[in-house]
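So you can see what is in the structure, the chains are spelled out below.
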Amino acid sequence: MTLHPILAALRRHKAGVVLIALQIALTLAIVCNAIFIIGQRVQRIQRPTGMDENNLFMVTQLWVGAPTGDDRASIDKLDAMLRTDVATLRNLPDVESASTVNSLPLINSSWVNGVGLKPKQEHSTASAAFYFGDEQMLHTMGLQLVAGRAFTSADTQNRGFRDKDDPSIIIVTKALADKLFPKGDAVGKSVYLSDNTSPATIVGVVARLQVPSVQSWAKEFVWYSVLEPVRLDATFSRYLVRAKPGRLDAAMKSARAALFAANPMRVIDDSAEQNGIRTFADLRANAYKADRGMAILMSVICVILLAVTGAGIVGLTSFWVGQRHKQIGVRRALGARKIDILRYFQTENLLIAGGGAIGGIILAVGLNLWLIQRYEMDRMPVLYVLAGVAVVLALGQAAVFAPARRAANVPPVVATRTV
Amino acid sequence: MFAYYFNLALRSLGRNPALTTLMVIAIGFGVAASMITYSVFRAVSGNPIPDKSSRLFTPQIDSWGPRQNLQGEPPEALDYVDAMALMRAHAAKRQTLLYPVSLPALPDGNGSLPIRATGYAVYGDFFPMFEVPFRYGNGWDAGQDNARAEVVVLSEEFNRKQFGGANSVGREIEIGGHEYRIVGVAQHWNPLPRFFSLFGESGFGESADFYIPFTRALDLQVYTNGNNSCRGKVNDTSGWDNYLHSNCVWINPWVELDNAADVAHYRSFLEGYAADQQRSGRFAWAPNVRLRNVTQWLEYQKVVPPESRISLLVSMGFLAICLVNTIGLLLAKFLRRAGEIGVRRALGASRREIYMQFLMEAAVVGLAGGVLGLLLTATGVSGVGLLFKPQIARLAHVDFTLVALTLALAVLATVLAAFYPTWRAAQVQPAWHLKTN
């Protein structure tokens, strides 16, 4: 079959052709970018924090009437209260381990500082998020130690929330260790934290631990975390608790009661929106709510969009079939087989959709570039565009099939009738 | 004539129910998607204080230096030293410093459990500057600022929770372990986005529970509940005094400037201040200051969540595709009736009448699409919680404007889309069609 008659016919329906092609081009541009956004969001949501997230929950609480000063006596008093709380939590029958923490991955409450190889470096080698907790922090988080050792109770210090004396030993993530010491021999090496003049020694390396912030400002150092064996004493405190397998709910219930029994002078929020005791799964869902919502919205829009475009093609092609009813009859009478008529309409659609797809590729890339510029989006791999082209071409063929079959079923006898 | 064309439109649409349904659904979905995302966008990008947004300014001073600042931009809050210097200079009509605090509160000792309360440490000017409405009592004055008075203004919501909504002015409340005398109860007041405190806050929180004097909060060494960012030459920050004199920024400053001359004057004051700091050796760099008003500040702080902009954009694209689709379908529908048009034209109908008839038909489709879109929008807005954080989702709602806008958008867009098909229909040559049929 030659393309000539198809092209000649198309020239007589310029408006319809342009409309279908335009619709396909726009659909392609939006669908490619939407699928790319969905893919990125899903990837973000699914990345593991490095912790063993099952059976974990976090307690956030505020002391009432606790000392607020920075003097030693106040800090010692706060530390005693902190230790009592941790001991209370550890003694619960449903609790496996518990630790003080200043923050956790995904909760967006960050302590960020520079890490350098020399004292008073002008530009630190890397920015990193700092986690402070006692000797059970690693175990409670469920981190995987890949080199060196964990903290012991002898390592653990305490200090006021505003004090700056860092301990002499730290544990870092593998990503940070590799950045600081590319040869992979970080354990035993010294680094300088923030503006300290005295070094801290890396005693251990953990496989992975995400920083608290999921926002874009932290994307340069998502895997750069430093752990310090320090209980931070402040007027508020956070505890990370690992429940025994399957005992999460029971542990959370008993934790609240036990903490209030130990010391009632505290606030643990219990509203639905801002609960002081939350599972890590809940914290994770909350952190990625916007990403999840975005992925859902984009998926819904993609599906509706493809449906609308498909329906539009069905509508216009049906109109053309109706319009050419007589011509089809003539072709059939002159010996064209049903399959020829079917092929005619399918080829015609392929031509239009192909033209639209070429425009769509340009639009899709343009939209992506614009999004990169305006919204710090990443560059879309060509694969997405190609997949999008395949999808719209397939959609066109599927949509044209029903009207084309109706055309193929036009009997040759139509040619003999007037109107 | 109007009724006649309306009637004709209904008949014509009834003749091809499948095609009509398709158009209505496409418009309904397109309009609904745009409206749902618009309702969120409208909520987050609104002007929180329309009548004063061009007269309230937040000064920024670069205390970090070119090596540490935000790629040339000064830090987004002030350190204590600069903040106090601005207050002392008093170069604006009204001025306040503020920072968010979170403290346990106990209503006068009835033995109930303490609750966590959030509020702001502010100067007395805060209330007139930001036009805080009062239900009972008032704010406090500069005298009480200077006296570091233990006074507090409660929000209406917090007053209801703690005092059952009664006039609590003159009573005492314990906040953070200290007694405060209540001098005022504000009426419901929660401008969103909360432009005045964006350093470490999303801008879309519930209204604050209380306001206490900044000077008093400093005396009690209450730390900020917002961001605290330390860069530049970081000195020892242990202990309150060291902290205050460090390079850590955490204070939001606001000034009210009535006209361009005042703004220019204040800007040169800021430049002068920074130049003084350079001369005295505290800054080793040229003055780098900013003075942004509310609108510019919201823009600079990118308060509108990117999800909102992107989804609005995608929905617009979606609507555009739905309209292209409608153009195609209307074209098919109208041209199929070339014969009918030919007859009408031959019987004396002018092109104008053809326009009227077919645009009317499009308007009916648009109206039906609008009604469907309205239903979908109502459903969608209640499901916005899936997509956005609750404090943002809460802001999206269906109101009269949204309903009117949905219907108007649907009808207008469809009629606009119908112009080309109608033009084609009006071009039909009556003679030609009468001959062939």
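Visitor: Before we move on, could you go through the overall build of chain A and cite the residues and values that matter?
Guide: What chain A contains, in helices and strands, is 11 helices and 14 strands. What you see for chain A is a C-alpha radius of gyration of 32 Å, clearly larger than the 22 Å of a compact globule of 419 residues, by over 25%. Taking the principal axes of the C-alpha coordinates as reference, chain A spans close to 105 × 50 × 35 Å. Split into buried and exposed, the 419 residues of chain A put 53% on the buried side. Of the contacts made within chain A by residues no fewer than 6 positions apart, 80% connect residues no fewer than 24 positions apart. As displayed, chain A has an accessible area near 18300 Å², and 58% of this comes from carbon and sulfur atoms.

Visitor: Just give me the short version of the packing of helix H8 (residues 289–323) of chain A against helix H9 (residues 325–333) of chain A, but keep the residues and values in it.
Guide: Residues and elements named next belong to chain A. Here H8 crosses H9 at 65°, and the two axes come no closer than 4 Å. Here Val321, Gly322 and Gln323 of H8 lie close against H9, whose contacting residues are His325, Gln327 and Ile328. Its residues placed into classes, the contact of H8 with H9 shows two nonpolar, four polar and no charged.

Visitor: Tell me about the pattern of salt bridges, residues and numbers included.
Guide: All names here are of chain A. Applying the stated criterion to the full structure yields 36 salt bridges over all chains. A salt bridge links Glu53 to Arg284; the shortest N-O distance between them is 2.8 Å. Placement of the pair is Glu53 in the loop between helix H2 (14–46) and strand S1 (56–63) and Arg284 in helix H7 (residues 280–287), with a sequence separation of 231 residues. The class of Arg284 is buried, set by a relative accessible area of 16%. Between Lys174 and Asp178 there is a salt bridge, with the nearest N and O atoms lying 2.9 Å from each other. Highlighted residues: Lys174 and Asp178, both in helix H5 (residues 174–180), separated by four residues, approximately one helical turn. Using a relative accessible area of 38% as the deciding quantity, one classes Lys174 as partly exposed.

Visitor: I'd like to hear about the state of the cysteines, residue by residue, with values.
Guide: The final tally for this structure, using the stated rule, is one disulfide over all chains. For Cys230 of chain B, the disulfide goes to Cys248 of chain B, at an S-S distance of 2.1 Å. Here the S-S torsion is close to 105°, and the disulfide linking Cys230 of chain B with Cys248 of chain B is therefore right-handed. Pair noted here: Cys230 of chain B is in strand S10 (residues 229–230) and Cys248 of chain B is in strand S11 (residues 248–256), with a separation of 18 residues, a long-range link. Exposure remark for Cys230 of chain B: the relative accessible area of 32% places this residue in the partly exposed category. Cys322 of chain B carries a free sulfur, and the closest cysteine sulfur to it, the one in Cys302 of chain A, is 13 Å from it. The buried category is assigned to Cys322 of chain B, whose relative accessible area is 1%.

Visitor: Give me the side chain of Gln210 of chain A: which residues, what numbers.
Guide: All names here are of chain A. Structurally, Gln210 is set in the loop between strand S9 (200–206) and strand S10 (225–228). On the basis of relative accessible area, Gln210 is assigned to the buried category, the value being 0%. Engagement of the side chain of Gln210 in a polar contact is seen with the side chain of Tyr288, the distance being 3.4 Å.

Visitor: So, the packing of aromatic side chains: which residues are in play, and what are the values?
Guide: Counted under the stated rule, the structure contains 34 aromatic pairs over all chains. Seen in terms of ring centroids, Tyr344 of chain A and Phe345 of chain A are 5.3 Å apart; in terms of plane orientation they differ by 80°. Their pairing is edge-to-face. With respect to class, Tyr344 of chain A is no different from Phe345 of chain A; both count as buried. With a centroid separation of 5.4 Å and 90° between ring planes, the pair formed by Phe195 of chain B and Phe196 of chain B is classed as edge-to-face. Aromatic ring contacts, followed pair by pair, group Tyr120, Phe126, Phe127, Phe130, Phe134, Trp140, Trp189, Phe195, Phe196, Tyr211 and Trp254 of chain B into a single cluster. The ring of Tyr300 of chain B has Arg292 of chain B sitting right over it, with the charged end atom 3.7 Å from the ring centre.

Visitor: Explain the environment of Asp141 of chain B to me, using residue names and the numbers behind them.
Guide: All names here are of chain B. Counting through the fold element by element, Asp141 comes out in the loop between strand S5 (134–137) and helix H5 (142–146). Each C-alpha atom, one on Asp141 and one on Val153, is 12 Å from the other, the two residues being 12 residues apart in sequence. Here the side chain of Asp141 touches Gln144 through a polar contact of 3.0 Å, landing on its backbone nitrogen.

What counts and what doesn't
- Every chain's residues receive numbers from 1 upward, in the order its sequence appears when written.
- Chain labels run from A onward and ligand labels from 1 onward, assigned in the order the entries are written.
- Totals for whole chains, interfaces and linings use every residue, but because this is a predicted model, local features are given only for residues with pLDDT of at least 70 and side-chain atom pairs only at 80 or more, for both listing and counting.
- Heavy atoms throughout the structure, all of them, feed into the side-chain values; hydrogens and water do not.
- Under the DSSP-based scheme used, a helix requires at least four consecutive residues in state H or I and a strand at least two consecutive residues in state E, with every element numbered from the N terminus.
- As defined in this context, the radius of gyration uses C-alpha atoms, and a globule is described by 2.2 Å times the residue total to the power 0.38.
- For every residue, the accessible area obtained with a 1.4 Å probe (protein chains only) is divided by the maximum for its type, and the residue is called buried under 20%, exposed over 50%, and partly exposed between those limits.
- The contact rule is simple, with two residues in contact once any of their heavy atoms fall within 4.5 Å.
- Reported accessibility uses the Shrake-Rupley method at a 1.4 Å probe radius. Residues are deemed covered only where the shown protein chains occlude them.
- Convention adopted: a line fitted to C-alpha atoms gives each axis, helices being fitted over their contacting stretch, and angles between N-to-C directions are expressed from 0 to 180 degrees.
- Think of it as three bins: nonpolar holds Ala, Val, Leu, Ile, Met, Phe, Trp, Tyr, Cys and Pro, charged holds Asp, Glu, Lys and Arg, and polar takes everything else, Gly as well.
- Definition used for salt bridges: Asp or Glu carboxyl oxygen within 4 Å of a side-chain nitrogen of Lys or Arg.
- When the sulfur atoms of two cysteines come within 2.5 Å, that pair is taken as a disulfide.
- Any pair of nitrogen or oxygen atoms within 3.5 Å is treated as a polar contact; in protein, a donor-acceptor pairing is required on top of that, and neighbouring residues in sequence qualify only through side-chain atoms on both sides.
- Two aromatic rings from Phe, Tyr or Trp, using only the six-membered ring of Trp, form a pair when their centres are within 6.5 Å; if the ring planes differ by under 30 degrees the pair is stacked, by over 60 it is edge-to-face, and anything between is tilted.
- Comment: the charge-over-ring label is applied if NZ (Lys) or CZ (Arg) is within 6 Å of the ring centre and within 35 degrees of the ring normal.

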